[in-house]
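Here is how the chains run, residue by residue.
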Amino acid sequence: LISFSAGVFLVVAYTLASEAVEHASSFGSGLLWIFLGALGVWVLFKLLPMLHEHHDDTHGGEARNSIDVRRMLIGDGFHNMGDGVFLAASFAVSPAIGIAAAASVFVHELIQGISEFFVLIGGGYSPRQALTLNFIISSTILVGSVGGYFLLDSMEILEVPLLGLAAGAFLIVVLHDLIPHSIRSSTERLHYMKHLVWFAIGVILMFIISLLFAHE
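Small disclaimer: the values here were computed from a predicted structure and weren't measured.

**Some remarks on the packing of aromatic side chains**
Aromatic ring pairs are described here by two measures, namely the spacing of the ring centres and the angle between the planes. For the structure on display, the rule yields three aromatic pairs. Pairing Phe-4 with Phe-118 gives two aromatic rings, centres 6.3 Å apart and planes at 65°, and the pair type is edge-to-face. Here Phe-4 is found in helix α1 (residues 2-23), whereas its partner Phe-118 is found in helix α5 (residues 95-122), with 114 residues between them in sequence. Of the residues examined, Phe-4 reaches a relative accessible area of 9% and is grouped as buried.

As structure tokens, then:
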């Protein structure tokens, strides 16, 4: 399931990066925000090792402790705020477009939320803690939606930075945490193939959802 989540978040990162580059004033500026998101999250947790939590008492095991879920939560926070701005802008156009946008966000968030739950469990959190954290991070969509409703013109300026920062953060989650965790967990060839299959399922499922329920 961690490998499945890696596939889901890889597509999420790609989608966010594509939107950041598309809506940026130039290709270079879009890439810059993605780079800053990846670098900022990586440097932040390298400079603040005292905040690193292992949760050995819950699950134990070296492989599980390799997942630093804070990167994922920060990336999803940026992503949700961007979705909130997107929803506010959609309802400002018309109620019908707003409802369609809300359906799109709901489907994306459903699969992403389930994947985050798997990652949190793999990071050593109990099911109750995982659900609580999921709920708290999901509520950041209210920051973007309320801010977007009252300050729509100003919030539009934050669209590309939020997309780029979230994309960069998710790339770090996938490349630094989830994929290495899956590789370390693959102790035999059959197990390795199972990880590849679940990773492919996550990629294909999220890719199909992104096509069917694109923000556009």
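**Some remarks on helix α6 (residues 127-138)**
With 12 residues, α6 extends 16 Å between its outermost C-alpha atoms, agreeing within 8% with the 16 Å of an ideal straight helix rising 1.5 Å per residue. Those residues of α6 lying buried are Ala-130, Asn-134 and Ile-137. Down the axis of α6, the buried set is contained in an arc of 70°. They therefore lie on one face. Facing away from the buried side of α6, by more than 90 degrees, are the exposed residues Arg-128, Leu-131 and Phe-135.

**Description of a nonpolar patch on the surface**
Taken together, Leu-32, Trp-33, Phe-35, Leu-36, Leu-39 and Trp-42 make up a surface patch of nonpolar side chains, about 540 Å² in accessible area. Among the structural elements, Phe-35 can be located in helix α2 (residues 27-47).

**Looking at α1**
Spanning 22 residues, α1 covers 31 Å between terminal C-alpha atoms, matching the ideal 32 Å at 1.5 Å per step. Taking burial as the measure, the 22 residues of α1 include 16 buried ones, the bulk of the element.

**Brief notes about the confidence of the model for the protein**
Across the protein, the average pLDDT comes to 77, with 83% of residues at or above 70. Mean pLDDT across the secondary structure elements of the protein bottoms out at helix α3 (residues 62-65), with 44, and peaks at α6, with 89. Below a pLDDT of 50 lies the segment residues 50-65, which in the model reaches 24 contacts outside its immediate sequence neighbourhood of four places, other chains included.

**Remarks on the side chain of His-195**
With respect to the helices and strands, His-195 occurs in helix α10 (residues 189-212). Residue class for His-195 comes out buried when judged on its relative accessible area of 16%. Those residues in contact with His-195 that lie beyond four places of it in its chain are Ser-3, Ser-182, Ser-185 and Ser-186.

**Some words on the environment of Leu-120**
Mapping Leu-120 onto the fold places it in helix α5. Between the C-alpha atom of Leu-120 and that of Ala-130, which follows or precedes it by 10 residues, the distance is 5.6 Å. Residue contacts for Leu-120: discarding those within four places in its chain leaves Val-69, Met-72, Leu-73, Tyr-125, Ala-130, Leu-133 and Asn-134.

**Describing the packing of α1 against helix α9 (residues 159-185)**
Interaxial distance between α1 and α9 falls to 8 Å at its minimum, and their mutual angle equals 155°. Classified by the interaxial angle, the pair formed by α1 and α9 is roughly antiparallel. Here α1 and α9 pass one another in a crossing that is left-handed. Among the residues forming the contact of α1 with α9, the class breakdown is 18 nonpolar, six polar and two charged.

How each quantity is defined
- Residues numbered from 1 in each chain as written.
- Predicted model: local features only at pLDDT ≥ 70, side-chain atom pairs only at ≥ 80, totals over all residues.
- Heavy atoms only, no water.
- Phe/Tyr/Trp six-rings, centres within 6.5 Å; stacked < 30°, edge-to-face > 60°.
- Helix = DSSP H or I, 4+ residues; strand = E, 2+ residues; numbered from the N terminus.
- Buried < 20%, exposed > 50% of the residue type's maximum accessible area, 1.4 Å probe, protein only.
- Expected span 1.5 Å × (residues − 1).
- Arc of directions from axis to C-beta.
- Patch = residues over 30% accessible without salt bridge, like charges linked within 9 Å, V, L, I, M, F, W, Y side chains within 5 Å.
- Areas by Shrake-Rupley, 256 points an atom, 1.4 Å probe, with all protein chains shown as cover.
- Salt bridge = Lys/Arg side-chain N within 4 Å of Asp/Glu carboxyl O.
- pLDDT = per-residue confidence, 0-100.
- Contact = heavy atoms within 4.5 Å.
- Axes fitted to C-alpha atoms, helices over the stretch in contact; angles between N-to-C directions.
- Parallel < 35°, antiparallel > 145°, perpendicular 65-115°, else oblique.
- Left-handed = near helix turned anticlockwise from the far one by under 90°.
- Nonpolar A, V, L, I, M, F, W, Y, C, P; charged D, E, K, R; others polar.

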